[in-house]
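# A structural walkthrough
The lines below spell out each chain.
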Amino acid sequence: MFGGGLDISALADPSVLLLIGLLLLVSAGLAFLLGRRLGMGAGRREAAKKMAAQVEPIEEDAREFRKSVWLLQNENKNLSTFLMLLPDLARELNNTHEKRKIAPLLRRMLEQIFDPEQVLVFYTTQRNDGLILVDDKGLAAGFDRTRFIPFGEGRVGWVASNQISMDESDFQQKARFVKADFDSASQPHFKIELAAAMTHNESTLGLISVGGMLRHPKNEKTMLKMVADLGSIALNNALLFHKMQQLANSDGLTQLYAKRYFMTSLAEILMRAEKGHEEFAIFIFDIDHFKHYNDNNGHPAGDEALRTTGRILRDSVREDDIVARYGGEEFIVLLPNTSKPGAAVVAEKIRAAIAAHEYPKEQSQPGGDLTISGGVASYPYDGRTSAELVGKADEALYKSKRGGRNRITIYEPTYLSESDDPADATVAGRRTA
Ligand code: GH3
Ligand code: MG
Ligand code: MG
């Protein structure tokens, strides 16, 4: 029926027409479905794009948020490290009354907080005109640690004299506005990114600084200042303690050591001498006819004579000898590592110096001179305890008194069985009797 060409007559067949109709219907349906499907895909892509555009900033926010959380966690860790270390530092600082022990404690604390390449701890000099390095971490071995840094020199000197805590940006900012000699050529070894002064009552007691920090806590300047403040409290306490100790140990009139301090030192020297098989000596003396001097010239003149005697005594001995006022007009000297003959020489030198000194109105004294009588005893020959040694020196002193005064007696065991003749004793010095 379709052979050769299109047989139009076949279209007249209702069954064929039905078939074509059906086919058209199916393809229209398919086309519709396909079209719908295709149209929907493009919408979705569009929507997805829209959604992605909305999600991107959220993701960015989340990234920022995660970063902030990480920073906060880090910050929190730094802060809790700091807060955990603080009580320990305060306790340790509170337990130390020695200035030299404070610096290492501060240095260790700063190492733990900032993980720095360099830590410097300075104390103010006694003359109060500059700084001296007392402890450090990371400073070149060849650096002269005894070098004096005047207030005002370099970053360190600037912070010490201005008492303002500084960080790196403060230094840079200040350098622009103030003509400060921050990067002084004299301090090329110093790495100072953070510095704070330790102060008390407006005076600078010292300074701490860090540089090359591997850890940068958020409030680093405040943290450093807190450590500096703890340091200044400790330094001030040590200073007060030292002053109190000096007051308690010294005699108010002569400024020599007091008897109690002398006895403690004697006990210590005794122990050391026992261990090290060393010898030492003590020399005790008493002003002759001092009652007479007081009665003739008045108590204030007597006080002045005691002060002068203390000065002469101090000027006559070595630095490691201990000189004390033992009682009213009695003085005592501890001569470590000194032989008996050596002590005799020192004692005689002191007697001669006092006799040679012209005390006001001394002419009215018996013999026309203000003089002393003394006794020397030595370890281990004359005694092995403090009481024994002081007792023997005192015995020798009274021998000098009995012998006519203005003389030194060196204790000799032989004169215990004595005939009470002063000639039996070894006597140094001028004999007036
Ligand atoms: P001697 O040669 O035997 O030691 O005679 P002395 O007069 O020195 O001895 P005595 O013990 O009789 O008198 C000691 C005097 O020292 C009496 C006392 O008033 C005086 N004295 C003690 N302490 C002080 C003081 O702090 N200031 C003054 N001005 N006098 C003092
Ligand atoms: Mg006397
Ligand atoms: Mg006396």
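Here, every reference points to the structure presented above.
In short, a report on the structure. For clarity, every value in this text was computed on a predicted model and none was experimentally measured. (Residues numbered from 1 in each chain as written. Chains lettered and ligands numbered in written order. Predicted model: local features only at pLDDT ≥ 70, side-chain atom pairs only at ≥ 80, totals over all residues. Heavy atoms only, no water.)

Before going further, it helps to spend a moment on the layout of surface pockets. Looking at the largest pocket, its volume works out to about 560 Å³. Mapped onto the lining of the largest pocket, the elements with two or more residues apiece are strand 6 (203-213) and helix 5 (220-249). Looking at the lining of the largest pocket, the element that brings in the most residues is helix 5, giving seven residues. Tallied by class, residues from the lining of the largest pocket come to five nonpolar, 11 polar and two charged. Quantified by volume, the second largest pocket comes out at close to 390 Å³. Looking at the second largest pocket, it is lined by 17 residues, and the ones nearest its centre are Q246, Q255, L256, Y257 and Y261. Breaking the lining of the second largest pocket down by element, the ones donating at least two residues are helix 5 and strand 8 (322-325). The element that contributes the greatest number of residues to the lining of the second largest pocket is helix 5, accounting for five residues. Its residues placed into classes, the lining of the second largest pocket shows seven nonpolar, six polar and four charged. (1 Å grid on protein atoms, 1.4 Å probe; cavity = no way out; pocket = protein on both sides within 12 Å on 5 of 7 lines; lining within 4 Å. Points joined across faces, edges and corners; volume = space filled by probe spheres on them. Helix = DSSP H or I, 4+ residues; strand = E, 2+ residues; numbered from the N terminus. Nonpolar A, V, L, I, M, F, W, Y, C, P; charged D, E, K, R; others polar.)

Around the magnesium ion (ligand 3), the donor atoms from the protein are D286 (OD) and E329 (OE), and they sit 2.2 to 2.3 Å away. Using a relative accessible area of 6% as the deciding quantity, one classes D286 as buried. (Donors = N, O, S within 2.8 Å, 3.2 Å for Na, K, Ca; no water. Buried < 20%, exposed > 50% of the residue type's maximum accessible area, 1.4 Å probe, protein only.)

As enumerated under the stated definition, the model contains 22 salt bridges in all. A salt bridge links R145 to D136, with the nearest nitrogen and oxygen atoms 2.9 Å apart. A salt bridge links D170 to K221; the nearest nitrogen and oxygen atoms lie 2.6 Å apart. One end of the pair, D170, is in helix 4 (residues 168-177); the other, K221, is in helix 5, and 51 residues separate them in sequence. Given a relative accessible area of 29%, K221 falls into the partly exposed group. Taken together, the salt bridges that share partners define one network made up of E98, R100 and K101. (Salt bridge = Lys/Arg side-chain N within 4 Å of Asp/Glu carboxyl O.)

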